[in-house]
Amino acid sequence: GENVEQHPSTLSVQEGDSAVIKCTYSDSASNYFPWYKQELGKRPQLIIDIRSNVGEKKDQRIAVTLNKTAKHFSLHITETQPEDSAVYFCAASTSGTYKYIFGTGTRLKVLA
Amino acid sequence: NAGVTQTPKFQVLKTGQSMTLQCAQDMNHEYMSWYRQDPGMGLRLIHYSVGAGITDQGEVPNGYNVSRSTTEDFPLRLLSAAPSQTSVYFCASSSSRGDEQYFGPGTRLTVT
C-alpha cells in the first residue's frame, strides 16, 4: 500500500546550524507534499508545502526540495532557533483525493 | 471563525464502553478526516469524507464508525472501546479549492 518513510526520527542541532529531514513516498501518483510542525500538546500546523510541478520552494528560513524521479522530498531549516524545536511530519497526497499519508515524524531539538 | 473544533479534550473509557468524538468546522470545507496519533507512528488516517453523505475508510478503520449528515459535522464513534484505541485523535478539514488541511485541537482518549 501507500507508504511514506521519514528519517531521522530524532535530530539534535546547535542553534544557528541547519537541519535536514528526509521523506520517501511510494505512490507515484502523489503530487502534493506538505510539512507540518507540531509543538508539544498542540495540533499539527502546516509550515510549507510543495507540488510535483515544482522542484524547490522557500519561505524565509524554511525550504523544501522534491525529487520526483527518486520519489523523495526534504525539509531544510537554516539558522535554527530554539523555537524550531518540535516534531515535524511530512505527508504525501494526490490532489483531489484528500487522502494524506503521513511519515512517522522527526523530533527536532535545537540546543542553545 | 472558530476553525476546526473537537470535543471532548480528554476522555477516559472502560473497555467495552461506547462514545462519540465530536468534530465540527465552520469554514464550509467539503473534506474532513479523522486521524489517530500514537508515539512513533505519526498520524494514521481512520476515516475520511469528501462531502455530506459520503465517507470512506483510511488506513486503520477497524473499531470506528463515521457519518457525515452535514457539511459542518463529522463525528467518530467507538462502538466498543478497547485499550488499543488509547490514543490522541485529530480531526482535520480541507477545501476543494486547495489541499491544505486544518487540524482540530485533538482529543486524548484513554481506554482502561
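Below is a short write-up of the structure. (Residues numbered from 1 in each chain as written. Chains lettered and ligands numbered in written order. Predicted model: local features only at pLDDT ≥ 70, side-chain atom pairs only at ≥ 80, totals over all residues. Heavy atoms only, no water.)

### Here's the deal with the state of the cysteines
Disulfide: a covalent bond formed between the sulfur atoms of two cysteine residues. Residue and element names in this part refer to chain A. Within the structure shown, the criterion is met by two disulfides over all chains. Disulfide pairing is shown between C23 and C90; the S-S distance is 1.9 Å. Taking the sign of the S-S torsion, -100° for the link of C23 and C90, the bridge is left-handed. Placement of the pair is C23 in strand 3 (residues 19-25) and C90 in strand 9 (residues 86-93), with a sequence separation of 67 residues. For the pair shown, C23 and C90 are each scored as buried. (Disulfide = S-S within 2.5 Å. Helix = DSSP H or I, 4+ residues; strand = E, 2+ residues; numbered from the N terminus. Buried < 20%, exposed > 50% of the residue type's maximum accessible area, 1.4 Å probe, protein only.)

### A word on the layout of surface pockets
In this approach, a probe sized like a water molecule rolls over the atoms, and the result shows the empty space that is left. In this model, the largest pocket occupies a volume close to 790 Å³. Q38, L40 and G41 of chain A together with Q37 and R108 of chain B are, among the 34 residues lining the largest pocket, the residues nearest its centre. Of all the secondary structure elements, the ones that give two or more residues to the lining of the largest pocket are strand 9 and strand 11 (106-111) of chain A together with strand 9 (87-94) and strand 11 (107-111) of chain B. A breakdown of the residues in the lining of the largest pocket according to their chemical character gives twelve nonpolar, 16 polar and six charged. Its boundaries defined by the atoms lining it, the second largest pocket holds a volume of some 170 Å³. Together, E2, N3, V4, E5, Q6, I101, F102 and T104 of chain A together with M41, L43, R44 and E59 of chain B line the second largest pocket. (1 Å grid on protein atoms, 1.4 Å probe; cavity = no way out; pocket = protein on both sides within 12 Å on 5 of 7 lines; lining within 4 Å. Points joined across faces, edges and corners; volume = space filled by probe spheres on them. Nonpolar A, V, L, I, M, F, W, Y, C, P; charged D, E, K, R; others polar.)

### Here's the deal with the pattern of salt bridges
For the coordinates displayed, the defined rule picks out five salt bridges over all chains. Of the charged contacts, one joins D84 of chain A and R61 of chain A as a salt bridge, the two residues approaching to 2.9 Å between their closest N and O atoms. On the criterion of sequence distance, the pair formed by D84 of chain A in the loop between strand 8 (72-77) and strand 9 and R61 of chain A in the loop between strand 6 (56-59) and strand 7 (62-67) is long-range, its members being 23 residues apart. Relative accessible area serves as the criterion here: at 23%, R61 of chain A is assigned to the partly exposed category. One network of salt bridges, with partners in common, ties together R36, D38 and R44 of chain B. (Salt bridge = Lys/Arg side-chain N within 4 Å of Asp/Glu carboxyl O.)

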